[in-house]
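Listed here are the chains, written in short residue letters.
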Amino acid sequence: MGRIITFFSFLLLTIANLHAQLSDKDEKEKFKTDVKQLYQDKSYNEEKFIHYKALNIVFNREINKLLTEASDLSTRAAFATLEEENNRLTLGYSINPNSKTTSGTDYVRYIWSMGIQADIEDNFSSLSVDSEIQNDIGVFVKFTQLFRGNIGYTDKAKIKKFRDQYLLDQALAYKYDKYKESQKETDLAIKKKKSLDPTIDTEDEYNNAYTAAVKNAYNETLIEEAETITKGKYIKTLRKTWWSARVYMPISTTEYEVFKEESSPSSETKSFYPLSLEGSFSYYRKSMRIGTMQLTAFYNGFMNNSIAANILKERTFTSLPSNTPTTPVELSTQNKYIGEFDSFITHNLKGDFVYFYRDFPVGLSASFDYSFGEYEASTWKIGIPFYLKGKNDDSAISVELQWREIHEKTLSGESTHALGFSIGIPFGNYVNQ
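Residues numbered from 1 in each chain as written. Predicted model: local features only at pLDDT ≥ 70, side-chain atom pairs only at ≥ 80, totals over all residues. Heavy atoms only, no water.

Participant: In this structure, what is going on with the pairing of strand β6 (residues 138-146)? I would like to understand it.
Facilitator: Two faces belong to every sheet, and in a regular strand the side chains alternate between them. Pairing geometry for strand β3 (residues 110-119) and β6, over eight bridges, is antiparallel. Counted as the bridge partner of Gln117 is Gly138 from β6. Both β6 and strand β8 (residues 235-250) contribute to a ladder of nine bridges, which runs antiparallel. Looking at β8, one finds that Phe143 is bridged to Ala245. (Pairing = 2+ DSSP bridges. Helix = DSSP H or I, 4+ residues; strand = E, 2+ residues; numbered from the N terminus.)

Given below as C-alpha cells:
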C-alpha cells in the first residue's frame, strides 16, 4: 500500500512539474511573440534586414558629430552652438510632436526645434540692459522632416540568420528569463503598493509590469541590432535625407541714428526688424570603406539694411567747443551714419560639404554662399571640423576651425579674410517617438 501511495505521489509531482514547464514554455513563447509584434510594426521592412528604428539609433549617434552651426540638425533634446563668424550664441530645444517614449530607439519622422539667439560681445550675451531688451536678441522655430533612409549590406544571409535565430529567438528567451528572475521584486513592490492603497487592482499592476518588460526587451533588441551590425561591419553604406524650414524673429526692433548730411544738426531714428526665413535639404552618407559625407543646400531670405550691409559707412567727426578758450581743450568726437537709410530683402544661396574619413575624428569642410539683391556678396569657407568624444559615442562636442574669404561686390569689390571657429554641443536625451 505504501508503495502505491509513493508511486502516485511521484506521478502527481511529475505531472505538476511537467505542467509548470509547459506553462512556462507557453509564457516564454507569448513573451517572444509580443516583442516580435512590436518589432514587426508598420515601419518594419523584412527585406531591409535592419529595423528602421535600429537604423535611427545609428544615425542619431553619427549626425550629432556634425553639429557646429545653428542651422545644423541635432537629434538631441537640447543643443547649443557658438558661431564666431557672426558672434552668435544659440540655445535650442527639440521635440517630436508624436513622442510616446523616452528610449531614443524609435524612428523619428519630425522634429520641432525652438530656442533663442543672441550676439556675443566680450564673452557675454546681454538679454537686457536697464530693463530694456537688447536689439540683438531673437527667437527661432524650426521644422525638420526626416526620411527613413536605407543601408547597403555585405552579407544579407548572415544578417538574416543573426536576426531570426539569435536576435528574435535566443536573445528574447534570455530576456524572458531575466524578466522571470525579477518577478520576486515585482511581487514585493505590488504587495507594498497594495498595503498602502487597498483599492489598487493587482491584476492591472502585473499587466503593467509585463508590458514594461516587453517594451524594454524590444528597445534592447533594437540597440543590440544596431550595435552588432555596425561594429561587426555587416553593412557597407548608410544613407539618410531630410529637409528643414526655419524662421528667426527678433524680440524687438533694431534702431539706428542716421544723419542725412554731414552738416545735419540732428539725426533721425530708423527702426529695423531683421526677420529671416531659411530652407535647407541635406543628404547624409556613411561608407564603411570611404568615410562620412554630408551635403546641404540652403536658401535664406532675410531683411537687410544699408548699415548692416556696410553700404552706409560709419564716420568719425571731431569738433571744437563753440567758445574756444585760450587754454587747451579736449576735442569732442562723434560717430555718425550719413546718407539715406534703406531696408531691403537679401537672398542667400549656400552649398555646404563635410567629410570625415572612416572613424577618424578630424575632417574637412567647405562651403560657398552667394547673396544677391540690393546687396551682393560671396563667401568661401574652408574648415577643419573635429569632434571630442565623451564617455561613449552618444556624447561628443563638435568644433570647427574656419578660414573665410568674403567678397562684397556691392562695396566696389572689397574683400576681407577671417579666421574663426564654431562649436556645437548636443545634450539631453534623444528626440524620439
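Participant: Explain the confidence of the model for the protein here, please?
Facilitator: Detailed reading of predicted coordinates is not advised where the pLDDT is low. Residues of the protein with pLDDT of at least 70 account for 79%, and the chain-wide mean is 79. With pLDDT under 50 throughout, residues 18-22 is counted as low confidence; its partners more than four residues away or in other chains account for zero contacts. Per-residue pLDDT stays below 50 along residues 122-133; that stretch engages in 18 contacts with residues further than four places along the chain or on separate chains. (pLDDT = per-residue confidence, 0-100. Contact = heavy atoms within 4.5 Å.)

Participant: Help me out: how do you make sense of helix α5 (residues 202-231) in this one?
Facilitator: At 3.6 residues per turn, the α-helix brings residues three or four places apart onto the same side. Over its 30 residues, α5 extends 43 Å from the first C-alpha to the last, a length consistent with the 44 Å expected when each residue adds 1.5 Å. Turning to α5, its buried residues are Glu205, Tyr210, Ala213, Val214, Ala217, Tyr218, Asn219, Thr221, Leu222, Glu225, Ala226 and Ile229. The backbone nitrogen of Glu203 has a side-chain oxygen 3.0 Å away, supplied by the residue at the start of α5, namely Asp201. One or two positions beyond α5, positive phi appears at Lys233, with a value near 60°. (Expected span 1.5 Å × (residues − 1). Buried < 20%, exposed > 50% of the residue type's maximum accessible area, 1.4 Å probe, protein only. Polar contact = N/O pair within 3.5 Å; in protein donor to acceptor, adjacent residues only side chain to side chain.)

Participant: How do you make sense of the packing of helix α4 (residues 183-196) against α5 when you look at a structure like this?
Facilitator: When two helices pack together, their arrangement is captured by the angle between the axes and the distance separating the axes. In the contact formed by α4 and α5, the axes pass within 11 Å of each other and the chain directions differ by 145°. The two elements α4 and α5 meet at a crossing, and its hand is right-handed. Where α4 approaches α5, its residues Thr186, Asp187, Ile190, Lys193 and Lys194 are matched on the opposing element by Thr202, Glu205, Tyr206 and Ala209. Along the lines of polarity and charge, the residues of the contact of α4 with α5 split into three nonpolar, two polar and four charged. (Axes fitted to C-alpha atoms, helices over the stretch in contact; angles between N-to-C directions. Left-handed = near helix turned anticlockwise from the far one by under 90°. Nonpolar A, V, L, I, M, F, W, Y, C, P; charged D, E, K, R; others polar.)

Participant: Whenever I open this one, empty space enclosed by the protein confuses me. Can you help?
Facilitator: The gaps left among the atoms become clear once a water-sized probe is rolled over them. The full count for this structure, using the stated rule, is five cavities of 30 Å³ or more. Volume-wise, the largest cavity comes out at about 150 Å³. As for the largest cavity, its lining consists of 19 residues, and the residues nearest its centre are Leu66, Thr68, Asp72, Val354 and Glu400. Secondary-structure elements contributing two or more residues to the lining of the largest cavity are β12 (291-305), β15 (343-356), β17 (377-389) and β18 (396-408). Taken together, the residues of the lining of the largest cavity sort by class into eight nonpolar, four polar and seven charged. As a volume, the second largest cavity reaches approximately 100 Å³. Taken together, Glu62, Lys65, Leu66, Tyr284, Lys286, Thr292, Phe356, Arg358, Asp359, Phe360 and Tyr387 make up the full set of residues lining the second largest cavity. In the lining of the second largest cavity, the residues fall into five nonpolar, one polar and five charged. (1 Å grid on protein atoms, 1.4 Å probe; cavity = no way out; pocket = protein on both sides within 12 Å on 5 of 7 lines; lining within 4 Å. Points joined across faces, edges and corners; volume = space filled by probe spheres on them.)

Participant: How should the packing of aromatic side chains be read in this particular structure?
Facilitator: A complete count under the given rule lists 16 aromatic pairs for this structure. With a centroid separation of 6.1 Å and 50° between ring planes, the pair formed by Tyr176 and Tyr179 is classed as tilted. You can see Tyr176 and its partner Tyr179 sitting in helix α3 (residues 156-181), three residues apart, about one turn around the helix. There is no split in this pair, since Tyr176 and Tyr179 are both buried. Relative to Phe341, the ring of Tyr256 lies with its centre 5.7 Å away and its plane at 40°, an arrangement referred to as tilted. (Phe/Tyr/Trp six-rings, centres within 6.5 Å; stacked < 30°, edge-to-face > 60°.)

Participant: Help me understand the environment of Thr410 in this model?
Facilitator: Summarising the element assignment, Thr410 is placed in the loop between β18 and β19 (414-430). Judged by relative accessible area, which is 28%, Thr410 ranks as partly exposed. Through-space distance from the C-alpha of Thr410 to that of Glu374 is 8.0 Å; in sequence the pair is 36 residues apart.

Participant: Would you mind going over the side chain of Asn348 with me for this structure?
Facilitator: Secondary-structure assignment places Asn348 in strand β15. A polar atom in the side chain of Asn348 sits 3.2 Å from the side chain of Asp369. A polar contact of 2.8 Å, which involves the side chain of Asn348, links it to the side chain of Ser371. For Asn348, the residues in contact, after removing those within four places along its chain, are Phe298, Tyr299, Asn300, Phe302, Asp369, Tyr370 and Ser371.

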